[in-house]
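Below are the chains, spelled out letter by letter.
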Amino acid sequence: MATIITGAIVVVAKCPLPGKSKTRLTPLLGVNGSALVAKAMLSDVLVTIQHEIVTTTTNSNGNTPTEIKKTQERQHHLKNGNILKILLYAPGDQDGYHHMKEVLQTLDLQETNTATTENTDHGWILLPMLSSSDLLSSDLGGKLIDALKRVRSIIELSNTEQYRKQATMKQQQQQQQQQQQ
């Protein structure tokens with residue numbers, strides 16, 4: 001049975017590029033060192049989210065049974081592919097795409113094709129931030145609103161495809177049953 005998408009985790013990140021990332025650390029670490037720190041920070045976030053998908057919750061943290069149940073439900077949705085993982089990156093050009101793809105590959109994380117939304121339960125969707133050439137712009141809120149609309153469109157597209165697949169499978173099963181009778 002196809003998976004219906006119920007939400008998304010969106011990580012917003014600048015590409016960890018030398019001279020463009022963590023520039024306040026450049027006097028201490030140099031441009032390459034600063035970029036490595038930025039890459040390590042992004043990697044930590046991505047790996048943490050990926051590990052959250054496969055971990056189980058215990059009551060060792062003093063959580064109430066209700067809190068544990070909610071956490072287990074979230075993890076169930078993540079584990080079963082009900083929640084998309086989206087990496088919204090800037091700059092949103094080909095260079096940015098290749099750098100973010102490299103980060104995923106370094107961490108042995110899969111990328112998902114947004115055109116088909118196949119394997120959404122396993123991979124990350126790389127989504128470029130539009131108009132990312134002016135990252136210092138005060139219109140960051142507008143860019144994030146635009147990204148939210150695009151994420152919602154991806155979810156709707158995925159669910160439409162999933163519903164279509166379910167209907168086709170159901171129709172095929174009914175035809176097989178009729179042929180057997």
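Rules of the game
- Residues numbered from 1 in each chain as written.
- Predicted model: local features only at pLDDT ≥ 70, side-chain atom pairs only at ≥ 80, totals over all residues.
- Heavy atoms only, no water.
- Helix = DSSP H or I, 4+ residues; strand = E, 2+ residues; numbered from the N terminus.
- Buried < 20%, exposed > 50% of the residue type's maximum accessible area, 1.4 Å probe, protein only.
- Contact = heavy atoms within 4.5 Å.
- Areas by Shrake-Rupley, 256 points an atom, 1.4 Å probe, with all protein chains shown as cover.
- Pairing = 2+ DSSP bridges.
- Salt bridge = Lys/Arg side-chain N within 4 Å of Asp/Glu carboxyl O.

Colleague: Break down the overall build of the protein for me, with residues and values.
Modeller: Of the regular secondary structure elements, the protein holds four helices and four strands. Helices and strands in the protein line up, N terminus first, as β-α-α-β-α-β-β-α. In the protein, buried positions account for 33% of the 181 residues. Partitioning the intrachain contacts of the protein with sequence separation of at least 6 by distance along the chain shows that 68% fall at a separation of at least 24. As presented, the protein carries roughly 11,500 Å² of accessible surface, and 52% of it is formed by carbon and sulfur atoms.

Colleague: Run through the pairing of strand E4 (residues 124-128), naming residues and quoting values.
Modeller: The element E4 is extensively covered by neighbouring structure, given that four of its five residues are classed as buried. Of the pairings in the sheet, the one linking strand E2 (residues 83-90) to E4 comprises five bridges and is parallel in character. Residue pairing in the sheet places Lys-85 in a bridge with Trp-124 of E4. Pairing geometry for strand E3 (residues 111-112) and E4, over two bridges, is parallel. Opposite Glu-111, over in E4, you have Trp-124 as the bridge partner.

Colleague: Which residues make up the environment of Leu-140, and what values do they have?
Modeller: If you trace the backbone, Leu-140 turns up in helix H4 (residues 140-180). For Leu-140 and Met-129, which are 11 residues apart along the polypeptide, the C-alpha to C-alpha distance reads 10.0 Å.

Colleague: Break down the pattern of salt bridges for me, with residues and values.
Modeller: Between side chains of opposite charge, pairing is possible as soon as their charged atoms come close. According to the stated counting rule, one finds three salt bridges in the structure shown. One salt bridge in this structure joins Glu-102 and Lys-39, with 3.7 Å as the shortest N-O distance. With a gap of 63 residues between them, Glu-102 in helix H3 (residues 94-106) and Lys-39 in helix H1 (residues 26-54) connect regions that are remote in the sequence. On the accessibility criterion, Glu-102 (40% relative accessible area) is partly exposed.

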